[in-house]
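One-letter residues, chain by chain:
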Amino acid sequence: MELAAKPVVYQKLLPQEPSLESEEEVEEEETSEVLIPNPWRHQDSSRNKAGGLPGTWARVVAALLLLAVGCSLAVRQLQNQGSSIGSLGSVAPPPGGHSHGPGVYHHGAIISPAVTCSHLGRELLVAGGNVVDAGVGAALCLAVVHPHATGLGAMFWGLFHDSSSGNSTALTSGPAQTLAPGLGLPTALPTLHLLHARFGRLPWPRLLVGPTTLAQEGFLVDTPLARALAARGTEGLCPLLCHADGTPLGAGARATNPQLAAVLRRAALAPTSDLAGDALLSPLAGDLGVEVPSAGPRPTLEPARQLPVPQGILFTTPGPSAGPELLALLEAALRSGAPVPAPCPPFLQTAVSPENSALAAVDSSGSVLLLTSSLNCSFGSAHLSPSTGVLLSNLVAKSTSSAWACPLILRGSLDDTEADVLGLVASGTPDVARAMTHTILSHLAAGPPTQAQHQHQGQQEPTEHPSTCGQGTLLQVAAHTEHAHVSSIPHGCCPFQGF
């Protein structure tokens, strides 16, 4: 079943529009315009004479003032970044307004495995982007800073719920294909470009600015990447992730990938999904001495699989992801009427490093994007393309059932435009579907949280519920009472940002 030819327009008001701001915030913006004049605005010559400053000097002073304010904001932002992961989700209360604890925001939020990428996603939201812009930008960022778990060589699955239309759409990379023996055909760029072209708001090149800068100018190796390098070794990964003596980079070391930056710059100019994919495929084929496949990757957008439940309706991705298995487990459990299964099923107990990467974005209106991607194992094939800086996956048709991909969305009611929306996405092994089943059954059994419970949760750090499987990484986002909520299990594993 295919979507209608006419694109679904997903739009959300810009955060600076008056309908999304309190009266106090509007007054603040108007006051700031008076205090910080536009240095490029034409000045009245008679006023310059009366003030004793020539027009040129007035513009210079105003420009310096703007620069000082910008630097001050940048320093404050860097100070916030340097704090603990838990504090990354907190924001200062608006003057004259009310505030919430970490993980609760007025407009929107994003959660991902890397501080840098969560911060980049938030910047796109603040710039007027929607959850698709934020999620795609963060996914491209993770392709740079987390090459052990994802990348431009990875396969992607996604689930997008559009609050304005009430539709839930599944994103797939298409069937796994082989570029060369043991090497999977890269699908990330055309897949993410397709998702953005249909539902994004900001220009496509804007989403690639941050990831390109990180690849060109360098990024700091974080703890997850350092651990994966220490466990895997550097064979095939030098010089990208190695010191001059061949030892792996440790946490805090700076890595650059100028070849990947060049690929991202070419992809930024691509007007179509096919051309976005070709920005990587052409030089990659040259590296391997193979021809570019005549039938390249064919990502798709299609209606999500769904299961009605008494509390609303569940959405997930179609096969060959684990979505159908997840719905079958849930349907069987709900039909039997049995209590929530215990103990929790095995979940990431034997994984040394992540086998896949997941992120989630949500806005207060109830639009949710869940993205998950995989190279099949840590660093995939460990084949580093010298002209592109991309690690290829070993995800080929005979080796995968995409069991790691099972994002899940629970919508309270299709008829109620203000109904609560819950999104769950996990990083794990094929056991992840059973862990997700346990989690959603616990949620359904407990019933939706009351307003008082949400207010109480907003005053403290998110904690793990004893009935939730806590041995892996589970990201949760929700829209409730016109607020965006984000959390993770275990707490602190994934930094979140919002506004």
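Going by the structure above, here's the rest.
Residues numbered from 1 in each chain as written. Predicted model: local features only at pLDDT ≥ 70, side-chain atom pairs only at ≥ 80, totals over all residues. Heavy atoms only, no water.

Student: Whenever I open this one, the overall build of the protein confuses me. Can you help?
Tutor: Looking only at helices and strands, one finds 13 helices and 20 strands in the protein. Among the 499 residues that make up the protein, the fraction classed as buried is 50%. By sequence separation, contacts in the protein at least 24 residues apart represent 74% of the contacts at least 6 residues apart. Surface summary for the protein: the accessible area is close to 22,200 Å², and the carbon and sulfur share equals 57%. (Helix = DSSP H or I, 4+ residues; strand = E, 2+ residues; numbered from the N terminus. Buried < 20%, exposed > 50% of the residue type's maximum accessible area, 1.4 Å probe, protein only. Contact = heavy atoms within 4.5 Å. Areas by Shrake-Rupley, 256 points an atom, 1.4 Å probe, with all protein chains shown as cover.)

Student: Can you help me understand the packing of helix α6 (residues 188-199) against helix α10 (residues 273-288) in this one?
Tutor: When two helices pack together, their arrangement is given by the angle between the helix axes and the distance between those axes. At a closest axis distance of 7 Å, the pairing of α6 and α10 adopts a crossing angle of 150°. What the angle tells us is that α6 and α10 run roughly antiparallel. Pair α6 / α10 crosses with right-handed handedness. Listed contacts from α10 to Leu189, Pro190, His193 and Leu194 of α6 are Ser273, Ala276, Gly277 and Leu280. Residues belonging to the contact of α6 with α10 are distributed by class as follows: five nonpolar, three polar and no charged. (Axes fitted to C-alpha atoms, helices over the stretch in contact; angles between N-to-C directions. Parallel < 35°, antiparallel > 145°, perpendicular 65-115°, else oblique. Left-handed = near helix turned anticlockwise from the far one by under 90°. Nonpolar A, V, L, I, M, F, W, Y, C, P; charged D, E, K, R; others polar.)

Student: Explain the pairing of strand β10 (residues 305-309) to me, please; I cannot follow it from the model alone.
Tutor: Side-chain direction in a regular strand flips from residue to residue, so the side chains alternate between the two faces of the sheet. Bridge count for β10 against strand β11 (residues 312-316) is five bridges, and the pairing is antiparallel. Bridging from a neighbouring strand, valine 309 pairs with glycine 312 of β11. The antiparallel hairpin formed by β10 and β11 contains two residues in its connecting segment. (Pairing = 2+ DSSP bridges.)

Student: Hey, could you run me through the packing of helix α7 (residues 204-217) against helix α9 (residues 258-268) in this one?
Tutor: Across the interface, α7 lies against α9 with an axial gap of 8 Å and an inter-helix angle of 170°. When the axes of α7 and α9 are compared, the pair comes out roughly antiparallel. Residues Trp204, Pro205, Leu208, Pro211, Thr212, Ala215 and Gln216 of α7 lie in contact with α9, whose contacting residues are Pro258, Leu260, Ala261, Leu264, Arg265, Ala267 and Ala268. By residue class, the composition of the contact of α7 with α9 is 11 nonpolar, two polar and one charged.

Student: What exactly am I supposed to notice about the sheet that holds strand β3 (residues 155-161) here?
Tutor: Read from one edge to the other, the open sheet built from seven strands follows the order β9-β4-β3-β13-β12-β2-β20, with strand pairing classed as antiparallel. Here the strands that pair on one side only, and so sit at the sheet edges, are β9 (300-303) and β20 (496-498). With strand direction ignored, the average angle separating the axes of adjacent strands in the sheet is 15°. Bridge count for strand β2 (residues 108-111) against β20 is three bridges, and the pairing is antiparallel. Residue pairing in the sheet places isoleucine 111 in a bridge with phenylalanine 496 of β20. Lying on the sheet, α6 is in contact with β3, β4 (168-172), β9 and β13 (368-374); it crosses β9 at an angle near 50°.

Student: Teacher, can you tell me more about the sheet that holds strand β1 (residues 104-105) here?
Tutor: Taking strand neighbours across the sheet as the criterion, the seven strands line up as β1-β19-β18-β17-β16-β11-β10 in an open arrangement whose pairing is antiparallel. With partners counted over all chains shown, the strands left at the sheet margins are β1 and β10, one partner each. This element, helix α11 (residues 323-336), spans β10, β11 and β16 (408-411) of the sheet and lies at about 15° to β10.

Student: Looking at this model, I keep getting lost on the pattern of salt bridges. Mind explaining?
Tutor: For side chains bearing opposite charge, pairing can occur when the charged atoms are close. Summed over all chains, the structure comprises two salt bridges. Residues arginine 298 and aspartate 274 are paired through a salt bridge, measuring 3.3 Å at the closest nitrogen-oxygen approach. Of this pair, arginine 298 sits in the loop between α10 and β9 while aspartate 274 sits in helix α10, and the two are 24 residues apart along the sequence. Accessibility expressed as a relative area gives 49% for aspartate 274, which makes it partly exposed. Residue arginine 335 pairs with glutamate 331 through a salt bridge whose shortest N-O separation is 3.4 Å. With arginine 335 and glutamate 331 both in helix α11 and four residues apart, the pair spans about one turn of that helix. For arginine 335, a relative accessible area of 62% gives the class exposed. (Salt bridge = Lys/Arg side-chain N within 4 Å of Asp/Glu carboxyl O.)

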